[in-house]
Amino acid sequence: MKHNARPIIVVKRRKHKGHGGAHGSWKIAYADFMTAMMAFFLVMWLISISSPKELAQIADYFRTPLSAAITGGQRIADSQSPIPGGGDDVTRQQGEVKREPNIETLRKRMESSRLKRLGDKLDQLIDADPRLRALRPHLQIDLVQEGLRIQIIDSQNRPMFKNGSAEVEPYMRDILRSIAPLLNDIPNKISLSGHTDDLPYAMGERGYSNWELSADRANSSRRELMSGGLLDGKVLRVVGMASTMRLTNRGPGDAINRRISLLVLNKQAEEAIVHENAESDNQPISLLQQPAAVEPAQNTLPPQPGTR
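Reading guide: rules and limits
- Residues numbered from 1 in each chain as written.
- Predicted model: local features only at pLDDT ≥ 70, side-chain atom pairs only at ≥ 80, totals over all residues.
- Heavy atoms only, no water.
- Buried < 20%, exposed > 50% of the residue type's maximum accessible area, 1.4 Å probe, protein only.
- Helix = DSSP H or I, 4+ residues; strand = E, 2+ residues; numbered from the N terminus.
- Pairing = 2+ DSSP bridges.
- Right-handed = clockwise from strand over helix to strand, strands pointing away.
- 1 Å grid on protein atoms, 1.4 Å probe; cavity = no way out; pocket = protein on both sides within 12 Å on 5 of 7 lines; lining within 4 Å.
- Points joined across faces, edges and corners; volume = space filled by probe spheres on them.
- Nonpolar A, V, L, I, M, F, W, Y, C, P; charged D, E, K, R; others polar.
- UniProt positions renumbered as here; feature names shortened; annotations may be inferred.
- Salt bridge = Lys/Arg side-chain N within 4 Å of Asp/Glu carboxyl O.
- Axes fitted to C-alpha atoms, helices over the stretch in contact; angles between N-to-C directions.
- Parallel < 35°, antiparallel > 145°, perpendicular 65-115°, else oblique.
- Left-handed = near helix turned anticlockwise from the far one by under 90°.
- Contact = heavy atoms within 4.5 Å.
- Patch = residues over 30% accessible without salt bridge, like charges linked within 9 Å, V, L, I, M, F, W, Y side chains within 5 Å.
- Areas by Shrake-Rupley, 256 points an atom, 1.4 Å probe, with all protein chains shown as cover.

## Describing the pairing of strand E3 (residues 190-195)
So, point 1. E3 sits mainly inside the fold: six of its six residues count as buried.
So, point 2. Burial along E3 is two-sided: Ile-190, Leu-192 and Gly-194 facing one way and Ser-191, Ser-193 and His-195 facing the other are all buried.
So, point 3. Note: E3 against strand E4 (residues 235-240), five bridges, orientation parallel. For Ser-191, the partnering residue across the bridge sits in E4 and is Arg-237.
So, point 4. Crossover E3 to E4 through helix H7 (residues 210-227) is right-handed.

Take a look at the structure:
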């Protein structure tokens, strides 16, 4: 054996498995992030170019997403909604609900807005006029179901009319003539109602009573409005209510019950008054219950002798 032989050295290299792509994993996360950002900006762009109607429909969809998603039908082809299942009633199962503008609802909203603006103008008029500002406790302006109600209220210390009379006091005349021009700015008709307390006349209701007094005071108020510039044809109804409509939580003899109520009617209330009083729309029940006319029976008797 030779002593100078070199030893054989064997080097084993271990292969590392499972870490080959570790340095490229961030690229996948970055791609996901960019995709999400692109989708976000795409949604923002679509919203920016959508009309207000489409935005409202999108909002309706996301308020009830499940109901909208399960709604059947032919989807976009038969609907104006930008999202399948959208519409006024997303709970319906028979196809999509085609969104149609409700003309009657829009008309009511516009009229309500117009009456509210009139109320705001009246408030501004009262605040701007020192005479009317001092009379603020005598005025109540409310938006009610029938329209805009303006009540001019009596008081023990400052009555609107002469005692037991329909003669208008000067401050009442100032109020009526000041608000008359504002009432011409809108096309709505007006209803005037006179109210009294329940203190009776000596003859009760058999002679001149609170019924006549309340009607006379309402007509006196109408004449003052006309003197202030109210257009002809604006007043639809003038009525005396006597003491039948007492204010809430007020005693029967309370002075605040003596008032003039001026109601700027909305279209629905106006139509109700017209229907109540129009002869063509209200036939007597006796006529409605009459049976249909029966044609006279033909003569079935046998011919008399000597005739044909």
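## Quick notes on the layout of surface pockets
So, point 1. The computed volume of the largest pocket comes to approximately 390 Å³.
So, point 2. Surrounding the largest pocket, 20 residues form its lining, Glu-146, Ser-191, Ser-193, Arg-237 and Leu-263 being those nearest its centre.
So, point 3. Elements with a contribution of two residues or more to the lining of the largest pocket: strand E2 (147-153), E3, E4, strand E5 (259-265) and helix H8 (267-277).
So, point 4. The biggest single contributor to the lining of the largest pocket is H8, with four residues.
So, point 5. Tallied by class, residues from the lining of the largest pocket come to nine nonpolar, eight polar and three charged.
So, point 6. Taken as a whole, the second largest pocket holds about 270 Å³ of empty space.
So, point 7. As for the second largest pocket, its lining consists of 17 residues, and the residues nearest its centre are Asn-163, Gly-164, Asp-197, Arg-217 and Arg-258.
So, point 8. For the lining of the second largest pocket, the class distribution of residues is six nonpolar, six polar and five charged.

## Describing empty space enclosed by the protein
So, point 1. Enumeration according to the criterion identifies two cavities of 30 Å³ or more in this entry.
So, point 2. Estimates place the volume of the largest cavity at around 40 Å³.
So, point 3. Here the lining of the largest cavity is built from residues that sort into eight nonpolar, no polar and no charged.
So, point 4. There is about 30 Å³ of room inside the second largest cavity.
So, point 5. In terms of lining residues, the second largest cavity is bounded by Phe-161, Gly-194, His-195, Thr-196, Ser-214, Arg-217, Arg-259 and Ile-260.
So, point 6. Sorting the residues of the lining of the second largest cavity by element identifies E3, H7 and E5 as the ones contributing at least two each.

## A word on the UniProt feature "transmembrane region" (unreviewed entry) in the chain
So, point 1. Taking the numbering used here, the UniProt-annotated feature "transmembrane region" (unreviewed entry) corresponds to residues 28-47.
So, point 2. Helix makes up 100% of residues 28-47 and strand 0%, with an end-to-end C-alpha separation of 29 Å.

## A short note on the pattern of salt bridges
So, point 1. Summed over the entire model, instances satisfying the criterion amount to 11 salt bridges.
So, point 2. Between Arg-149 and Asp-142 there is a salt bridge; the shortest N-O distance is 3.7 Å.
So, point 3. For Arg-149, a relative accessible area of 28% puts it in the partly exposed group.
So, point 4. Among the residues examined, Asp-142 registers a relative accessible area of 29% and is labelled partly exposed.
So, point 5. Its salt-bridge partner being Asp-197, residue Arg-258 comes within 2.7 Å of it at the nearest N-O pair. Linking Arg-258 in the loop between E4 and E5 with Asp-197 in the loop between E3 and H7, this pair joins segments that are 61 residues apart in sequence.
So, point 6. According to the relative accessible area criterion, Arg-258 is buried, its value standing at 14%.
So, point 7. Judged by its relative accessible area of 7%, Asp-197 is buried.

## Thoughts on the packing of helix H6 (residues 170-183) against H7
So, point 1. Between H6 and H7, the least distance of the axes is 7 Å, while the angle of their chain directions is 60°. Considering their axes alone, H6 and H7 lie oblique with respect to each other. Helix-helix and strand crossings are classified by hand; for H6 and H7 the assignment is right-handed. Along its contact with H6, which presents Met-172, Arg-173, Leu-176, Arg-177, Ile-179, Ala-180 and Leu-183, the element H7 presents Ser-221, Glu-224, Leu-225 and Ser-227.
So, point 2. By residue class, the composition of the contact of H6 with H7 is six nonpolar, two polar and three charged.

## Looking at a nonpolar patch on the surface
So, point 1. The grouping of Trp-26, Tyr-30, Phe-33 and Met-34 at the surface amounts to a nonpolar patch, some 470 Å² of accessible area in total.
So, point 2. Structurally, Tyr-30 is set in helix H1 (residues 25-48).
So, point 3. Looking at Tyr-30, the relative accessible area reads 47%, which means it is partly exposed.

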